[in-house]
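# Summary of structural features
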Amino acid sequence: MAQTEINWDQQIPLPKLSPFHAKIAVALVALLCFINSYDGDFVFDDSEAIVNNKDLIPSTPLNNIWRNDFWGSNLSSNNSHKSYRPLTVLTFRLNYLIAGGLHPVGFHVLNIGLHSLISALMIDMFSVLIGGLAYDGNGNRLNHAPKASLLAGLLFAAHPVHTESVAGIVGRADLLCALFFQLSFLTYCKAFRGGRESEEKFSIHWIAVSLLLCTAAMLCKEQGITVLGVNAAFDVLLICNVNVYELSQRLFLRRKAEDVSERVRTGLLIRLALLAMGGASMLYARWRIMGTGPPAFTEVDNPASFADNVFLRIVNYNYYYSLNAWVLLCPWWLCFDWSMGCVPLIKSAFDWRTAWLLLLWCFLIGLISQALCSQDSQRRRTLTLGLVLLVVPFLPACNIFFRVGFVIAERVLYLSSAGYCLLLAYALGHCCGRWSRCKGLLRASLLALLCVYVARCALRSHQWRSEQSLFTSALSVCPLNAKVHYNVGKNLADRGNTSAAIKYYREAVRLHPTYVHAMNNLGNILKERNELVEAEELLAKAVLVQPDFAAAWMNLGIVQNSLKKFKEAEQSYWNAIQFRKKYPDCYYNLGRLYADLNRHLDALNAWRNATVLKPDHSLAWNNMVILLDNTGNLAQAEAIGREALKLLPNDHTIMFSLANVLGKLQKYKVSKPRERNYLQ
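Residues numbered from 1 in each chain as written. Predicted model: local features only at pLDDT ≥ 70, side-chain atom pairs only at ≥ 80, totals over all residues. Heavy atoms only, no water.

## Here we look at the pattern of salt bridges
Under the definition given, this model contains 21 salt bridges. Counted as one network, the salt bridges with shared partners bring together Lys23, Asp124 and Arg141. (Salt bridge = Lys/Arg side-chain N within 4 Å of Asp/Glu carboxyl O.)

This is how it looks when you write it as structure tokens:
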């Protein structure tokens, strides 16, 4: 274990702070970067994961959290996303309980606080990975790289790529995963509190605690299991001080077994076996919980994974890696979604974009050669551990082990960015040591970089405060992304600006001609504007592309009903019900169709089904009362009206309809108070 001062650390133009003050400084920078998102709305994925997630409601059994996925769907369902993050959902539920409802401020404040805490704890991780693990006589961990760890911590706290994880509430999964990731690593370090001799004498207790914290990280987000790889690399490279390149040479040249055993000791093998068994147990449990198998993603989500040509698939995956690297290096072009044409596929080896992936691998190969072959053991160790922290947390998102549901996702870089910040701090530190005469210029450059990071974070977190600003900001970054145009259009429509929404929906359909949700929403707007022929064409195309799209079938039925195509409308409604068994609104519209055709009994049955599925369906109740009134079934109308008011005692429309019925029955004493209640 490295226990000497790092020479180049002293050249970094930062003050040497005590551990406590360094953590406070980093936490304050993290707070400064994202504080303006504290009063933001629920945006983008927050709607599904929080607003519409019944697992947050106190009346929902707490056990549901352990049976459902992150979005509230049962894990055994084929429609489940299979993202199992019960501890994250539990924190959402606690936010709901404390605030007494869905108030976004509490959710945002906790996210900002978590990022500040994680940024502060990163100093401890960086101090170990850069300066080594050493303790004083009182058992306190020493920091042999105080300035380098502070610099890396500041870069991490202010990196703009973290905005999605901090300002987007669903990013809580990444934050909690990172927190338990750190705690698992730091706890693993505690197993070696005896100095160099602890290489063989280590604490099983602390390793077990580290595995439990790894499990907690995985229950926040699947990426958490990768801490086992970081712990293993730390053990091999720093605790046992193994030269990986030298060891591989010995094995390759088949040197004597004793030579190899000098480097690979029994204690290391035991610890690696414990980590491997723990990881295998977690993966097996995760596989059993997942139930029906991995989630089914579409070509829209990750087009490269559907490429027929294996060579082009590999080329596109590597191009995605280069884009992730660019987002870390220059986090100016950030977008909430990178799918649906945002990153066009590379379809030829002669595409100019292949130069980017060649550049990436040239840089990585150069870095790896320095990490493995450098004569400086401290450089070898720091670069290797930095690469491990950069690459290992990214492995679940790299499409190697399984298909993922995105092209680029800034949130998955939250942990990997720590490795990038470590490598960047190392590079800046060496520049300061080599160019000590230009220390003033280096100090100004470093300050300028941090100021740019902070300013970019503030701007980006402000964009995440509302869906309008978030979606609009993506138009300049991903103009070819149909989902961006769709979300801008949807936001405009929700705010009542349907004329402007039409433009963006049309562009979404132009960019992605099989975008059924854009067709459905555009068809709905055209229906309201009485442009029924085009609306029918769009909705018919939507159900042709996706035959099980129940909402589009129902909307198609409404349009066909307006066009007097009653037979086709009835069939469309039944198709919708076939694909969504519990669809009260569809039963309501089916009842309206039957009423128009004077099929009164069928209409009543359809509306009754709507109220069974949704007892507070006011329109269905009211229509039943009116229909029975109009057909002279006053006694039955009265009974239905009274039944409805038991469920909806303050519904003035039902009160008025029932008052009319009671008046016809000459029950004036009951009728007049209901009329007065309605007039109030």
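## Details of the state of the cysteines
Overall, the coordinates contain one disulfide when judged by the stated rule. Sulfur of Cys362: no disulfide; nearest cysteine sulfur belongs to Cys373 and is 16 Å away. Of all cysteine sulfurs in the structure, the one in Cys33 sits closest to Cys457, which takes part in no disulfide; the separation is 4.2 Å. What makes Cys457 buried here is its relative accessible area of 0%. (Disulfide = S-S within 2.5 Å. Buried < 20%, exposed > 50% of the residue type's maximum accessible area, 1.4 Å probe, protein only.)

## Things to note about the packing of aromatic side chains
The full count for this structure, using the stated rule, is 18 aromatic pairs. When the centroid spacing of 5.4 Å and the interplanar angle of 75 degrees are considered together, the rings of Phe156 and Tyr414 count as edge-to-face. Taken together, the positions of Phe156 in helix 6 (residues 146-158) and Tyr414 in helix 17 (residues 413-434) put the pair 258 residues apart, joining distant regions of the chain. With relative accessibility at 0%, the residue Phe156 sits in the buried group. Judged by its relative accessible area of 1%, Tyr414 is buried. Geometrically, the ring pair formed by Phe336 and Phe471 is tilted, given 5.0 Å between the ring centres and 50 degrees between the ring planes. One end of the pair, Phe336, is in the loop between helix 14 (310-329) and helix 15 (354-373); the other, Phe471, is in helix 19 (residues 467-477), and 135 residues separate them in sequence. Note on accessibility: Phe336 and Phe471 belong to one class, buried. In this structure, Arg271 packs its charged tip against the face of Phe202, placed 4.8 Å from the ring centre. (Phe/Tyr/Trp six-rings, centres within 6.5 Å; stacked < 30°, edge-to-face > 60°. Helix = DSSP H or I, 4+ residues; strand = E, 2+ residues; numbered from the N terminus. Lys NZ or Arg CZ within 6 Å of the ring centre and 35° of its normal.)

Purely geometric stuff here, so don't read any function into it on its own.
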